[in-house]
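Breakdown of the fold
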Amino acid sequence: MLTVDNLEKTYDSGDKALKGVSFEVSGNEIVAIIGPSGAGKSTLVRSINRLTEPTGGRVSLDDTEVTGLDKSALRDVRRDMGMIFQEFNLVERLTVMENILSGRLGYLSTWNAFRRNFPPEDIKRAREILSRVNLEGVENNRADELSGGQRQRVGIARAVIQRPKILLADEPTSALDPDTSREVMSLLTDIAHEDDIPIIINIHEVDLAVDYADRIIGLSDGEIVFNGPPDDLDQAARDEIYRGGESIADREEPSAGSSTGSDDVIAERGD
Amino acid sequence: MSNSTDSWSRFDRRERLLRFFGLLAGLVILVAAWRAMEVNYGYAVTAPRELADLFGRMYPPNVGYSREIVGPLLETINISILGTALAIVMAIPVAFLGASNTSPNKPAYLLGKFIISFTRSVNVIIWALIFVVIFGPGALAGVLAISIRSIGFTAKLIAEAIEEIDRGSVEAITAAGASPIDVLIYSIVPQIKPAFISVATLRWDINVRASTIIGFVGAGGIGVPLQTEINYFNWEAVLTILISILGLVLISEAISAYLRKKVM
Amino acid sequence: MAAESGSAVEGSWERPTVFYNKKVKYLIYGLILLFFAYSFWNLRISPSRFVRGIGAGVELVTSMLPPAYTPSQRDLLIQGIVESIVMTIVATTIGIIVSVPVAVMASNNLSPKPVYYVGRSIVAVTRSLHELIVAIIMVKAVGFGPLAGVLALAFKTIGFFAKLLAEEIEDIDRGQMEAITAAGGTPVQTYLYGVLPQVMPRIVGLSIYRLDINLRHSTVVGIVGAGGIGITLLNSFDKYDYQFSMAIIAVIVAIVMVGEGVSALARRRIQ
Ligand SMILES: Nc1ncnc2c1ncn2[C@@H]1O[C@H](COP(=O)(O)OP(=O)(O)OP(=O)(O)O)[C@@H](O)[C@H]1O
Ligand SMILES: [Mg+2]
């Protein structure tokens, strides 16, 4: 069971992204977190495994308090939480198999990681998961050769091979087309039921949330303004969540700077 | 790829063998290379200590000595500037020869290309050796060494800029009845001027570094006192010189980067 | 170009200048000219010396041609070239091994500020000193011979390799690292799986490039006693044996050109 208790996050810039968020997730529940851009959805899921360090409150997984663990204990508890990313975050130049197996890195010594030497049961499991996510036959392809939907399924496989106690997904469908989005959502619900683990999914599309989630948490400006089954999400609740959503200024995308250093190359060649 | 479900490897058997032997060959070459150097292991083992020792003797830098290196430093700067200027003067005709759209004929084009790659392939210190034999020790040899060495680089980049010239505007001006000289002034020069300035400043930056060492073979600049002080084991003076060189190089790099940014 | 100025008289037009106005422009040009004149005067190049030099130059060129060597000189030549190549290989290997951690230190996205500044300083110092200066110091530290040359070339390799690799590292996709961290990977595993695959092509490309540059430099560091063909060249000049000098220079030029060609070809194959 995951318990989030009065969680707060204030960024160095002064942005109060989370203002005391509390909820619980257990069983094999699918919880969708919805809310306008900038509401703090990403901050929330990333604070659960402390990819973003929360500035207040508590997160506990079963009997372990995640907040307050030291680095090495944090790595151990992260093995129990699988994460799925919006941009997939596959290591693009590695094969599909390596990407999936990288979910087991938390259990591997550095030397074996260096030699890509994974134990046989991990490899066996990787093959099982490959067929579960319908990716048989592409294990030796490089990740950057796959389509978006395939990539996200690799991302899911990487999280599932961890044998996590919970899955965290930050907008897993935003980079996909509508049909593929539905495939990914139903794959996630299947996994929740088959492996009997809960999933927290950040999601933009309210319709998808309503169709697939068991419970919906509405986040607005760093606070929970709705927490209940999809059927209760009436128009009033939607207004409450999205009210003022537009007024939040667009955030800057990190620009992909490409410095080639060509001048330096020329200069070095020069003498 | 193996069929068993609990084994997987990134490479198949053949690839693995290839990689293994590739790695092995690399290691063998490396070991062979190391052994071929016939390094005296006594030296190799004590090298870190000797280096630390050397730096220990260098510190603190001899501040009083800094007055004596002002002259050689200025000479270094002068050599770099004059060498670069002379290089550009010589590089312009070479560039026009070596640019496919301005070269008068094939042999001239090949000559241009040959000058470009030959001058580039001989290191500045070798040019300095040659010019010291010809003109005797001193800054003149340095300026010439720097300038000849730089022809290839400058001519090559200027030739590339010439090759990218927009023929349209050349035609337009020619069509208006302009002479070849007018075409040069009104169309070609404005088009290659930014490239020209950035090549000049970039090369000057490189030449500042080169000017610090041609003194080792007697071709002037800060390298002359540096070698003298090293030979006399005046390590504190050596550190003073090294710091001044570091400063000079960093400043010239900043100036050159600023100028290039400005013309871009 | 249509800079309108109120004082412009009808029928006259002046080209706008990048300087504040024409006076400043001519002032700057004047200063530049003055500086050239001063530089020239400062070098005390007398015309008579120049003319005498031309005569000496003609003499030198005729005494250099044709390039020639005795059998024992041929052995010296081969020995020197082999030593240069050998130094190149060892120095490049050592240099790259040291450069990789320096590059990580010198990249602002992987290293905390103090470490970053240390890394940048190492890069700045190793870049700024010319290879012959480094070589002459190494000779004093470890004695005449190729070891000094190897140390000098390896030292210079750091400035080049670490700088360009750090720029590449600063451009990596953080998401790929984050995914490994989220799965419970240690920092070393995160570097191995989340960073290294992304920068590997650049490492290979830069290594080949640097091999080429070190080959060039290895032919001249001998002039200050740091091993390779350079010392043979210096000796031939000292003995006025200009035909042999010419032969050595010709061989150096040939090797440098071959090295450049092979390096360019190899880098194109990789891309
Ligand atoms: N690294 C950061 N540094 C400073 N402020 C941040 C950072 N990341 C997010 N914020 C701020 O925190 C708030 C919540 O951001 P968050 O990314 O959690 O929102 P979100 O609900 O996931 O939005 P979206 O739907 O656009 O992904 C925003 O106001 C944002 O500007
Ligand atoms: Mg988000």
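Residues numbered from 1 in each chain as written. Chains lettered and ligands numbered in written order. Predicted model: local features only at pLDDT ≥ 70, side-chain atom pairs only at ≥ 80, totals over all residues. Heavy atoms only, no water.

1. A few points about the overall build of chain C
A count of helical and extended segments in chain C gives 10 helices and 0 strands. Reading chain C from its N terminus to its C terminus gives the helix and strand order α-α-α-α-α-α-α-α-α-α. In terms of principal-axis extent, the alpha carbons of chain C reach across some 80 × 75 × 40 Å. Relative to its 271 residues, chain C shows a buried fraction of 51%. Once local pairs closer than 6 in sequence are excluded, the contacts in chain C between residues at least 24 apart make up 71%. Approximately 13000 Å² of chain C is accessible, and the part contributed by carbon and sulfur atoms is 68%. (Helix = DSSP H or I, 4+ residues; strand = E, 2+ residues; numbered from the N terminus. Buried < 20%, exposed > 50% of the residue type's maximum accessible area, 1.4 Å probe, protein only. Contact = heavy atoms within 4.5 Å. Areas by Shrake-Rupley, 256 points an atom, 1.4 Å probe, with all protein chains shown as cover.)

2. Concerning unusual backbone geometry
The omega torsion across Tyr-59 of chain B and Pro-60 of chain B is -5°, close enough to zero to call that bond cis. For Asn-6 of chain A, which is not glycine, the phi dihedral falls at a positive 55°. Within the fold, Asn-6 of chain A resides in strand 1 (residues 2-10). Here the phi dihedral of Asn-89 of chain A falls at roughly 55°; this positive angle occurs in a residue that is not glycine. Its place among the elements puts Asn-89 of chain A in the loop between strand 6 (81-84) and helix 3 (96-101).

3. Topic: the sheet that holds strand 8 (residues 199-202) of chain A
All names here are of chain A. Strand order in the open sheet made by the 6 strands is 6-7-8-3-9-10, with mixed pairing throughout. This sheet does not close on itself; its edge strands, each paired only once, are strand 6 and strand 10 (223-228). Averaged over all pairs of adjacent strands, the angle between strand axes in this sheet comes to 15°, irrespective of strand direction. Strands in contact with helix 6 (residues 148-160) are strand 6 and strand 7 (166-170); relative to strand 6, the strand with the most contacts, it is inclined by about 170°. (Pairing = 2+ DSSP bridges. Axes fitted to C-alpha atoms, helices over the stretch in contact; angles between N-to-C directions.)

4. Considering the nonpolar core
Counting 112 residues, the largest nonpolar core has Ile-126, Ile-130, Phe-131 and Leu-226 of chain B as its most contacted members. By residue number, the principal contributor to this core is helix 6 (residues 139-163) of chain B, which donates 14 residues. Excluding its chain neighbours within four sequence positions, the residues that come into contact with Leu-226 of chain B are Phe-216, Val-238, Ile-241, Leu-242 and Ile-245 of chain B together with Ile-133 of chain C. Grouped together as the second largest cluster of nonpolar side chains are 58 residues, Ile-34, Leu-105 and Val-138 of chain A together with Trp-8 of chain B included. (Core = buried A, V, L, I, M, F, W, Y, C linked by side-chain atoms within 4.5 Å.)

5. Some thoughts on the packing of aromatic side chains
Counted under the stated rule, the structure contains 12 aromatic pairs over all chains. By the ring-pair criterion, three or more aromatic residues cluster together here, those being Phe-114, Phe-118, Trp-127, Phe-131 and Phe-135 of chain B. A cation over an aromatic ring shows up here: Arg-104 of chain A above the ring of Tyr-107 of chain A, its NZ or CZ 4.1 Å from the ring centre. Geometry around Tyr-193 of chain C places Arg-116 of chain A over its ring, the cationic atom sitting 4.8 Å from the centre. (Phe/Tyr/Trp six-rings, centres within 6.5 Å; stacked < 30°, edge-to-face > 60°. Lys NZ or Arg CZ within 6 Å of the ring centre and 35° of its normal.)

6. Notes on the UniProt feature "transmembrane region" (unreviewed entry) in chain C
All names here are of chain C. Within this structure's numbering, the places UniProt gives as "transmembrane region" (unreviewed entry) are residues 26-43, 84-106, 132-155, 219-237 and 243-266. Across residues 219-237, the secondary structure splits into 42% helix and 0% strand, with the terminal C-alpha atoms separated by 15 Å. What you have in residues 243-266 is 100% helix and 0% strand, and the ends, taken at the C-alpha atoms, are 35 Å apart. (UniProt positions renumbered as here; feature names shortened; annotations may be inferred.)

7. Brief notes about the side chain of Thr-232 of chain C
Following the sequence through the fold, Thr-232 of chain C ends up in helix 9 (residues 230-238). The class of Thr-232 of chain C is buried, set by a relative accessible area of 9%.

8. Some words on the UniProt feature "domain: ABC transmembrane type-1" (unreviewed entry) in chain C
The residues that UniProt annotates with the feature "domain: ABC transmembrane type-1" (unreviewed entry) are residues 81-263 of chain C. With 82% helix and 0% strand, residues 81-263 of chain C has its two end C-alpha atoms placed 18 Å apart.

9. Considering empty space enclosed by the protein
Inspection of every chain in the model, using the stated rule, returns 1 cavity of 30 Å³ or more. Volume-wise, the largest cavity comes out at about 60 Å³. Every residue lining the largest cavity is counted, 12 residues in all, and those nearest its centre are Ser-121, Val-122 and Asn-123 of chain B together with Arg-216 and Val-256 of chain C. A breakdown of the residues in the lining of the largest cavity according to their chemical character gives 5 nonpolar, 3 polar and 4 charged. (1 Å grid on protein atoms, 1.4 Å probe; cavity = no way out; pocket = protein on both sides within 12 Å on 5 of 7 lines; lining within 4 Å. Points joined across faces, edges and corners; volume = space filled by probe spheres on them. Nonpolar A, V, L, I, M, F, W, Y, C, P; charged D, E, K, R; others polar.)

10. A look at the sheet that holds strand 2 (residues 16-25) of chain A
Residue and element names in this part refer to chain A. Strand order in the open sheet formed by 4 strands is 2-1-4-5, and the pairing between neighbours is antiparallel. With partners counted over all chains shown, the strands left at the sheet margins are strand 2 and strand 5 (64-65), one partner each. Note that strand 1 and strand 4 (residues 56-61) share 5 bridges and pair antiparallel. Among the inter-strand pairings, Thr-3 is bridged to a residue of strand 4, identified as Ser-60. On the sheet, helix 1 (residues 41-48) packs against strand 1, strand 2 and strand 4 and is oriented at approximately 60° with respect to strand 2.

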